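One-letter residues, chain by chain:
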Amino acid sequence: MRLILAAAIFAVSGLAAQAECTQVQFPSGAYSTTVADTAWHATSNCFVLDVQAGQTARIWVMDSDDVIFDVPGLGDGYRDVTFSLGSNYLDVYTMRESNVEGGVPYRIAFDIR
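This structure is a prediction, so every number in the text was calculated from the model and none was measured.

Student: Help me understand the overall build of the protein chain, please; the structure alone is not making it clear to me.
Tutor: Along the backbone of the protein chain there are one helix and nine strands. Secondary structure elements of the protein chain occur, N-terminal to C-terminal, as α-β-β-β-β-β-β-β-β-β. Split into buried and exposed, the 113 residues of the protein chain put 33% on the buried side. A separation threshold of at least 6 residues defines the contact pool for the protein chain, and within that pool the share at least 24 residues apart is 72%. If you sum the accessible surface of the protein chain, you get close to 7000 Å²; carbon and sulfur atoms cover 55% of it.

Given below as structure tokens:
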């Protein structure tokens, strides 16, 4: 019974984490945008974008040398990366690279063509 309860809690927490992703919107007619956020020690921020398979994406962090990001299926620990999209959505997870407590402001830029 405890195993089932633990599995249910894990599943719900995973859904909650997905629901907390920030949907990145591009201004009308634009192919790039920038989002400002704060990265914290031992947590990650999630961004989701609606894209088209075959497009080229460039993602980079600005205003901080202590923020990196992961792209599931591509890799982790990036500060700047360009790649071809293989699906119609894109998830990006940012985090603080150092183990220093507290938050650090940053901007992350998305360029999708």
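Student: Teacher, can you tell me more about unusual backbone geometry here?
Tutor: What you tend to see is this: most non-glycine residues have negative phi, and most peptide bonds are trans. Phi angles above zero are rare outside glycine, and A42 is one such case at about 65°. If you trace the backbone, A42 turns up in the loop between β2 (32-40) and β3 (44-50). In this model, D63 sits at a positive phi of 70°, which is unusual for a non-glycine residue. Along the chain, D63 falls in the loop between β4 (56-62) and β5 (67-71). A residue is classified by how much of its surface remains accessible, and D63, at 54% relative accessible area, is exposed.

Student: Can you walk me through the sheet that holds strand β9 (residues 103-112) in this structure?
Tutor: Neighbouring strands of a sheet are bound in pairs by backbone hydrogen bonds; such pairs are parallel or else antiparallel. The strand order across the open sheet formed by four strands is β2-β9-β4-β7, and the pairing between neighbours is antiparallel. The outermost strands of the open sheet, each flanked by one partner alone, are β2 and β7 (80-84). Averaged over neighbouring strand pairs, the angle between their axes works out to 20° when direction is ignored. Where β4 meets β7, five bridges bridge the pair, whose relative direction is antiparallel.

Student: Help me understand the packing of aromatic side chains, please; the structure alone is not making it clear to me.
Tutor: Given two aromatic rings, their pairing is described by the distance between the two centres and the angle made by the two planes. Per the counting criterion, the structure on display carries two aromatic pairs. Between the aromatic rings of F69 and Y78, the centroid separation amounts to 5.9 Å while the plane-to-plane angle is 35°, which identifies the pairing as tilted. One cation-aromatic arrangement involves R58 over W60; the distance from NZ or CZ to the ring centre is 3.9 Å.

Student: How should the nonpolar core be read in this particular structure?
Tutor: Most often, soluble globular proteins have nonpolar side chains that are buried together. Core analysis: the largest hydrophobic core is formed by 22 residues, its most contacted members being I59, L90, V92, I108 and F110. Of all the secondary-structure elements, those providing two or more residues to this core are β2, β3, β4, β5, β7, β8 (89-96) and β9. Setting aside residues up to four positions removed in sequence, I108 forms contacts with T33, T34, V35, F47, I59, W60, V61, F69, V92 and T94.

Student: I would appreciate a short explanation of the environment of A36 in the present structure.
Tutor: Within the secondary structure, A36 is located in strand β2. Relative accessible area serves as the criterion here: at 62%, A36 is assigned to the exposed category. A sequence separation of 70 residues divides A36 from Y106, and the C-alpha atoms of the two residues are 5.9 Å apart.

The rules we used
Residues numbered from 1 in each chain as written. Predicted model: local features only at pLDDT ≥ 70, side-chain atom pairs only at ≥ 80, totals over all residues. Heavy atoms only, no water. Helix = DSSP H or I, 4+ residues; strand = E, 2+ residues; numbered from the N terminus. Buried < 20%, exposed > 50% of the residue type's maximum accessible area, 1.4 Å probe, protein only. Contact = heavy atoms within 4.5 Å. Areas by Shrake-Rupley, 256 points an atom, 1.4 Å probe, with all protein chains shown as cover. Pairing = 2+ DSSP bridges. Axes fitted to C-alpha atoms, helices over the stretch in contact; angles between N-to-C directions. Phe/Tyr/Trp six-rings, centres within 6.5 Å; stacked < 30°, edge-to-face > 60°. Lys NZ or Arg CZ within 6 Å of the ring centre and 35° of its normal. Core = buried A, V, L, I, M, F, W, Y, C linked by side-chain atoms within 4.5 Å.

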